[in-house]
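Observations on the three-dimensional arrangement
Residue strings, one per chain:
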Amino acid sequence: QVQLVESGGGLVQAGGSLRLSCAASGSIVRINVFGWYRQAPGKQRELVAQITSGGRTNYADSVKGRFTISRDNAKNTLYLQMNSLKPEDTAVYYCAANIVTVVAGTKDYWGRGTQVTVSS
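Quantities reported herein were computed from a predicted structural model and do not represent experimental measurements.

Some thoughts on the packing of aromatic side chains
Under the definition given, this model contains one aromatic pair. Between tyrosine 37 and tryptophan 110 the ring centres are 4.9 Å apart and the planes differ by 55°, which places this aromatic pair in the tilted class. Here tyrosine 37, found in strand S4 (residues 28–39), pairs with tryptophan 110, found in strand S10 (residues 105–110); they are 73 residues apart in sequence, far enough to count as distant. Its relative accessible area of 41% is what places tryptophan 110 among the partly exposed residues. One cation-aromatic arrangement involves arginine 45 over tyrosine 94; the distance from NZ or CZ to the ring centre is 3.8 Å.

Structure follows, in structure tokens:
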């Protein structure tokens, strides 16, 4: 059974910073793509950033230059450093991963999310 657990969300003023973490646990053989998504009230879930096992990154245009995604493969952990936060970054942030396990093969997994609120 694979679990993704996010942490690091909270309330911050505009212009501030937060660092999100996502720890994956279970019988993991390999994590392929690891990514962050977010969903604001009344809006669809959207991709924020993702990183491949080889370290290639992809960012939403709205966060380029402000957010940095990284991963620690030894710890099966994903990070998102968020700087220069804006009120429009307010959302629930979800961790997602394409994971290979011995039992289930290759599947997509999601965390339960962590709230990020940016006050103006």
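Digging into the nonpolar core
By size, the foremost hydrophobic cluster in this structure holds 32 residues, and its most contacted members are Phe34, Trp36, Leu80, Met82 and Tyr93. When residues of this core are traced back to their parent elements, those giving at least two are strand S3 (18–25), S4, strand S5 (46–51), strand S7 (67–72), strand S8 (77–82), strand S9 (91–101) and strand S11 (114–119). For this core, the element with the most residues is S9, which contributes five residues. The contact partners of leucine 80, leaving out residues within four places of it in the chain, are Leu18, Arg19, Leu20, Trp36, Val48, Ala49, Phe67, Thr68, Ile69 and Tyr93.

Here's the deal with the pattern of salt bridges
Applying the stated criterion across every chain, the model contains four salt bridges. Of the charged contacts, one joins aspartate 89 and arginine 38 as a salt bridge, the two residues approaching to 3.0 Å between their closest N and O atoms. Taken together, the residues aspartate 89 in the loop between S8 and S9 and arginine 38 in strand S4 connect sequence positions 51 residues apart. Overall, arginine 38 belongs to the buried group, its relative accessible area being 6%. Of the charged contacts in the structure, one is a salt bridge between aspartate 89 and arginine 66, with a shortest N-O distance of 2.8 Å. Linking aspartate 89 in the loop between S8 and S9 with arginine 66 in the loop between strand S6 (57–59) and S7, this pair joins segments that are 23 residues apart in sequence. Neither residue differs from the other here; aspartate 89 and arginine 66 are each classed as buried. Beyond isolated ion pairs, a larger network of salt bridges with shared partners links Arg38, Glu46, Arg66 and Asp89.

Some points on the pairing of S3
By the bridge criterion, five bridges tie strand S1 (residues 3–7) to S3 in an arrangement that is antiparallel. Note that in S3 the partner of glutamate 6 across the bridge is cysteine 22. Note: S3 against S8, six bridges, orientation antiparallel. Among the inter-strand pairings, leucine 20 is bridged to a residue of S8, identified as leucine 80.

Quick look at the sheet that holds S8
The four strands are arranged S1-S3-S8-S7 in an open sheet whose pairing can be described as antiparallel. Each end of this open sheet is capped by a strand with a single partner; those strands are S1 and S7. Direction aside, the axes of adjacent strands within the sheet are offset by 15° on average.

Thresholds applied
- Residues numbered from 1 in each chain as written.
- Predicted model: local features only at pLDDT ≥ 70, side-chain atom pairs only at ≥ 80, totals over all residues.
- Heavy atoms only, no water.
- Phe/Tyr/Trp six-rings, centres within 6.5 Å; stacked < 30°, edge-to-face > 60°.
- Helix = DSSP H or I, 4+ residues; strand = E, 2+ residues; numbered from the N terminus.
- Buried < 20%, exposed > 50% of the residue type's maximum accessible area, 1.4 Å probe, protein only.
- Lys NZ or Arg CZ within 6 Å of the ring centre and 35° of its normal.
- Core = buried A, V, L, I, M, F, W, Y, C linked by side-chain atoms within 4.5 Å.
- Contact = heavy atoms within 4.5 Å.
- Salt bridge = Lys/Arg side-chain N within 4 Å of Asp/Glu carboxyl O.
- Pairing = 2+ DSSP bridges.
- Axes fitted to C-alpha atoms, helices over the stretch in contact; angles between N-to-C directions.

Distances and angles like these do not, on their own, reveal function.
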